[in-house]
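Remarks on the overall topology
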Amino acid sequence: MTQEDLERFAAIVAAAQREKVAHWMRSLGYATGHGDTVEDLLDHLGTQIAEKMKAEREACADICDQHASIEGVAQRCAAEIRARGNK
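Parameters and conventions
- The numbers attached to residues start from 1 for each chain and follow its sequence in the written order.
- Totals for whole chains, interfaces and linings use every residue, but because this is a predicted model, local features are given only for residues with pLDDT of at least 70 and side-chain atom pairs only at 80 or more, for both listing and counting.
- Here the side-chain values reflect all heavy atoms present in the structure, with hydrogen atoms and water set aside.
- By definition, any uninterrupted DSSP run of H or I lasting at least four residues is a helix, any uninterrupted run of E lasting at least two residues is a strand, and each is numbered from the N terminus.
- Contact criterion: two residues are considered in contact whenever any of their non-hydrogen atoms come within 4.5 Å of each other.
- Axis definition: a line fitted to C-alpha atoms, limited for helices to the stretch in contact. Angles are taken between N-to-C directions and run from 0 to 180 degrees.
- By the definition adopted for this analysis, an angle is roughly parallel if under 35 degrees, roughly antiparallel if over 145, roughly perpendicular if from 65 to 115, and oblique otherwise.
- For any pair of crossing helices, the crossing counts as left-handed if the nearer helix is rotated counterclockwise from the farther one by less than a right angle, and right-handed if it is rotated clockwise.
- Only Asp, Glu, Lys and Arg are considered charged in this grouping, and only Ala, Val, Leu, Ile, Met, Phe, Trp, Tyr, Cys and Pro are considered nonpolar; every other residue, Gly among them, is considered polar.

1. A few points about the environment of Thr32
Tracing the chain through its elements places Thr32 in the loop between helix H1 (3-27) and helix H2 (38-66). Leaving out residues up to four positions away in the same chain, Thr32 has contacts with Ala22, Met25, Arg26, Leu41 and His44.

Rendered as structure tokens:
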């Protein structure tokens with residue numbers, strides 16, 4: 001095998017691995033963006049997960065706010081949920 005053959009084979013393997021990761025991401029409802037490598041895809045996935053987690057924390061805090069009481073327990077709960085995103 002020549003160096004060129006090895007490089008071509010490596011490119012085929014990398015493309016197959018990238019496609020596996022992209023398929024998995026899409027099956028879970030995540031966008032793949034324009035990632036050319038597995039690393040690019042995983043970076044993009046990490047950003048999307050962080051954004052979803054932030055939105056979920058905010059949704060939970062909003063529920064606490066909706067059930068706020070005079071004692072302020074729900075407000076403190078909402079503040080704690082939001083603060084978790086700053087750690």
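2. Details of the packing of H1 against H2
Between H1 and H2, the shortest axis-to-axis distance is 9 Å and the interhelical angle comes to 20°. Here H2 runs roughly parallel to H1, going by the angle between their axes. The handedness of the crossing between H1 and H2 is left-handed. Contact residues: Gln17, Arg18, Val21, Ala22, Trp24 and Met25 in H1; Val38, Leu41, Leu42, Leu45 and Gln48 in H2. Tallied by class, the residues present in the contact of H1 with H2 amount to eight nonpolar, two polar and one charged.

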